[in-house]
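Overview (structure and organization)
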Amino acid sequence: MPTLRLISTDYDGTCVPVWGGPQEMPCELVEAITEWRARGAVWAVNTGRSPALLNQAWGECGAGIRPDYALTSERDVWRPCDQRAGEWADFGDWNQRAAAEHRALLTEALPILREAIGVIRRRHARVRVLYGFDHVNGEGEPAGLVAESEEEMDWIVSHLEGLGPRAGKLSYQRNSIYLRFAHADYHKGAALAELSRLLDLSSGEVFAAGDHYNDLSMLDGTSARHVACPSNAILPVKEAVRRAGGHVSELPDGRGVAEALRRLL
Ligand SMILES: [Mg+2]
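Summarised in this report is the structure supplied together with it. (Residues numbered from 1 in each chain as written. Predicted model: local features only at pLDDT ≥ 70, side-chain atom pairs only at ≥ 80, totals over all residues.)

Digging into the overall build of the chain
Selection rule: Secondary structure follows DSSP: runs of H or I at least 4 residues long count as helices, runs of E at least 2 residues long count as strands, and numbering of each begins at the N terminus. Radius of gyration: over C-alpha atoms. The globule rule applied is 2.2 Å multiplied by the number of residues raised to the 0.38 power. Residue burial is a threshold on neighbouring C-beta atoms within 10 Å of the residue's own C-beta, all placed from the backbone, with 20 or more meaning buried, 12 or fewer meaning exposed, and counts in between meaning partly exposed. Throughout, a pair of residues is in contact if the C-beta atoms placed from their backbones lie within 7 Å.
Counting its regular elements, the chain contains 7 helices and 12 strands. At 18 Å, the chain has a C-alpha radius of gyration in line with the 18 Å of a compact globule built from 265 residues. If one aligns the C-alpha atoms of the chain with their principal axes, the spans along those axes are about 50 × 35 × 35 Å. Scored against the burial criterion, the 265 residues of the chain give a buried share of 42%. Summarising the internal contacts of the chain: among those between residues at least 6 apart in sequence, 58% fall at separations of at least 24.

Right, dumping it as structure tokens:
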């Protein structure tokens, strides 16, 4: 039986259902996490949400437990400074470094980014551009895109991939019809690796679960040796989890993750 010390779960579609009905966390998942916590594991929610949106979700999910750490915006690493108030503090200097590197990248890549957005909007006029590169800096710069359909976002992603070496470290994180421009070195997998480093853990002690493109970086077996996805995960996620020797559940969202965690007990 592996000894899990760190459980990293995406939130939307992985802990709670994305579509239809209330976004409640299944009791099976709460029980599985509680059981692993009793054995010494800590739990990090690894999400594209901001800390504020994560706290908002917490008010709605009825879980009764809170994560020990929050990895937010597919990048930042937080520890709680007041669990009951839902307040988070920087854990180490990772967040400052990430913000500085994103700022520098954006300055450098702005002409290419604007050009790419121009091409995308000429082809798909209803694509929305979100501004404000992060919540601290870069107000007014392009931060992301919202497409009207998965097919439209497929086209956008293929256009961005087509930039090739011109894009340098300019990358993106995709979740369904949403896309966030990002530094290629910062993603959920990198944030999870940093949290593991801060906690002095090896990847063999880490479990990760997710359901969408932006989860792929933590599901390839590198930052977490134990990986899983629920039945609602997109095909590329299921393939990545299988390649890494993980568990593809036939149960959806949090029930699927609970099953994966129970299998490891
Ligand atoms: Mg998700």
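Next, the rest of the story.
Some details on the packing of helix H1 (residues 27-38) against helix H7 (residues 253-263)
In helix packing, the relevant descriptors are the interaxial angle and the interaxial distance, both defined with respect to the helix axes. Quick note on the threshold: In this analysis an axis means a line fitted to C-alpha atoms, helices contributing only their contacting stretch, and an angle means the value between N-to-C directions, from 0 to 180 degrees. In these notes the angle categories are as follows: under 35 degrees is roughly parallel, over 145 is roughly antiparallel, 65 to 115 is roughly perpendicular, and the rest is oblique. Handedness of a crossing follows from how the near helix is turned relative to the far one, being left-handed for an anticlockwise turn of less than a right angle and right-handed for a clockwise one. Here the term charged refers only to Asp, Glu, Lys and Arg, the term nonpolar to Ala, Val, Leu, Ile, Met, Phe, Trp, Tyr, Cys and Pro, and the term polar to all other amino acids, Gly among them.
Running from amino to carboxyl end, H1 crosses H7 at an angle of 30°, the nearest separation of the two axes being 8 Å. In terms of their interaxial angle, H1 and H7 are classed as roughly parallel. Two packed elements cross with a definite hand, and for H1 against H7 that hand is left-handed. Where H1 approaches H7, its residues Glu28, Leu29, Ala32 and Trp36 are matched on the opposing element by Gly254, Arg255, Val257, Ala258, Leu261 and Arg262. When its residues are assigned to classes, the contact of H1 with H7 shows 6 nonpolar, 1 polar and 3 charged.

Some thoughts on the pairing of strand E10 (residues 206-209)
Going by this rule: Strands pair, by our definition, only if DSSP identifies at least two bridges between them.
Going residue by residue along E10, you find Val206 and Ala208 tucked away on one face and Phe207 and Ala209 tucked away on the opposite face as well. Where strand E1 (residues 6-9) lies against E10, 4 bridges are found, and the strand directions are parallel. By the bridge assignment, Ile7 is partnered in E10 with Phe207. The sheet contact formed by E10 and strand E11 (residues 226-229) spans 3 bridges and is parallel.

Re unusual backbone geometry
Residues other than glycine seldom take positive phi values, yet Glu74 does so here, at roughly 55°. With 26 C-beta atoms packed within 10 Å, Glu74 lands in the buried category. Here the phi dihedral of Asp253 falls at roughly 30°; this positive angle occurs in a residue that is not glycine. By the element assignment, Asp253 lies in helix H7. The class for Asp253 is buried, based on 27 C-beta atoms found within 10 Å.

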